[in-house]
Amino acid sequence: MLAEKRDEIDNPLIWPILSILESTRQSWKVHHLLGELRKETMIAQLDDDPHLDLFKRNFLIMNALYQLQEMLLPQQWLQVESMDIQLQWRVSNPGCVAKEIDYQDPLRDYYMDWNNYDASQDDVKELLSSFWKHYQRHIGNDTPGAAMLERYKALNVLGLDENASEHEIRRQWRKMALKWHPDRPEGDATTFREMCEAWQSLRL
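Every chain's residues receive numbers from 1 upward, in the order its sequence appears when written. Two thresholds apply to this predicted model, a pLDDT of at least 70 for residue-level local features and 80 or more for giving and counting side-chain atom pairs, whereas whole-chain, interface and lining totals are computed over all residues. Processing note: side-chain calculations cover all non-hydrogen atoms of the structure and skip hydrogens and water entirely.

### Let's talk about the packing of aromatic side chains
- Any two of the Phe, Tyr and Trp rings considered here, Trp counted by its six-membered ring, make a pair once their centres fall within 6.5 Å; the pair's planes then place it as stacked at under 30 degrees, edge-to-face at over 60, or tilted in between. Per the counting criterion, the structure on display carries 8 aromatic pairs.
- Plain terms: the ring middles of Phe 59 and Tyr 110 are 6.4 Å apart, the flat faces sit at 70° to each other, and that makes the pair edge-to-face. One end of the pair, Phe 59, is in helix H3 (residues 50–72); the other, Tyr 110, is in helix H4 (residues 106–111), with 51 residues separating them in the sequence.
- Looking at Phe 59, the relative accessible area reads 0%, which means it is buried.
- Ring geometry for Trp 114 and Tyr 117: centres 6.2 Å apart, planes at 50°, overall tilted.
- Three or more aromatic residues joined by ring pairs form one cluster here, namely Phe 55, Phe 59, Tyr 110, Tyr 111, Trp 114 and Tyr 117. Each helix corresponds to a stretch of at least 4 residues labelled H or I by DSSP, and each strand to a stretch of at least 2 residues labelled E; elements are numbered beginning at the N terminus. Exposure categories follow from relative accessible area, calculated using a 1.4 Å probe and restricted to protein chains: below 20% of the type maximum is buried, above 50% is exposed, and the middle band is partly exposed.

### Side note on the packing of helix H2 (residues 30–39) against H3
- Direction vectors running N to C along H2 and H3 enclose 100°, while the axes themselves pass 10 Å from each other. One way to sum up the angle between H2 and H3 is to call them roughly perpendicular. Only Leu 54, Arg 57, Asn 58, Ile 61, Met 62 and Leu 65 of H3 make contact with H2, whose side of the interface consists of Val 30, Leu 33, Leu 34, Leu 37 and Arg 38. Convention adopted: a line fitted to C-alpha atoms gives each axis, helices being fitted over their contacting stretch, and angles between N-to-C directions are expressed from 0 to 180 degrees. Put simply, angles under 35 degrees are roughly parallel, angles over 145 are roughly antiparallel, angles from 65 to 115 are roughly perpendicular, and the rest are oblique. In this description, contact between two residues means that some pair of their heavy atoms is separated by no more than 4.5 Å.

### Describing H3
- Between its first and last C-alpha atoms H3 spans 33 Å; for 23 residues at 1.5 Å apiece the expected length is 33 Å, and the two agree.
- Burial of H3 is extensive: 20 of the 23 residues sit out of reach of the surface.
- Contacts described as polar in this section are N or O atom pairs within 3.5 Å, which, within protein, must combine one atom able to donate a hydrogen with one able to accept it, while residues neighboring in sequence count only if both atoms come from side chains. Two to three positions downstream of the cap, the backbone nitrogen of Leu 52 sits 2.9 Å from a side-chain oxygen, assigning the N-cap of H3 to Asp 49. Between the first and last residue of a helix there are one fewer steps than residues, each counted as 1.5 Å, and that sum is the expected span.

### Observations concerning the packing of helix H1 (residues 14–22) against H2
- Put simply, H1 and H2 touch, their axes get as near as 11 Å, and they point 110° apart. Comparing their axes, H2 and H1 come out roughly perpendicular. Here Pro 16, Ile 17 and Ile 20 of H1 lie close against H2, whose contacting residues are Leu 33, Glu 36 and Leu 37.
- Throughout this entry, Asp, Glu, Lys and Arg are counted as charged residues, while Ala, Val, Leu, Ile, Met, Phe, Trp, Tyr, Cys and Pro are counted as nonpolar. The remaining residues, Gly among them, count as polar. Residues of the contact of H1 with H2, tallied by class, amount to 5 nonpolar, no polar and 1 charged.

### As for the environment of Gln 69
- One can find Gln 69 in helix H3.
- Judged by its relative accessible area of 6%, Gln 69 falls in the buried class.
- Linking Gln 69 and Ile 101, residues 32 residues apart in sequence, is a C-alpha distance of 7.8 Å.

Interpretation note: all reported values are geometric properties and have no functional meaning in isolation.
As structure tokens, then:
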């Protein structure tokens, strides 16, 4: 069990993540950061349960990012959004307007509270579902004007027949999303994206 006070916790990912962010000016996504950390063997398996393992890895990354955001001010501003993580600029640069940390951000508050690291399986499933919904909206913005998959095509992508019930569709979606999530050892971003599009189509 982790200590109750977050100030007493030393997140081991803070400095590796800072090194990654400072090595390039590109924008990162959480699962891309996780992939880079795994490639550098900086983050190991944290739980036998795949849902909890994925959650705990993401928790450590988000916690480290929010801690870094505070630590780097006023010299640097770190933008922390799950789909857009970037060291944007140095405050000392001419024409830059200083940004402030939103201490009322519920997401920041959640990931800075170490008690949430030990979330239950039900809590984690709900959070992952929320993340996937956000991801679906994000990929929709990446492909403006793209037609949603028709129902039968979407069911085929998920490996289901046209008589699948709502419960079967939801269960299969969770199974396939977890299998193909880019953070998983055998995950694939393209296939995961197809799963997201299929699920979104079936929910309309």
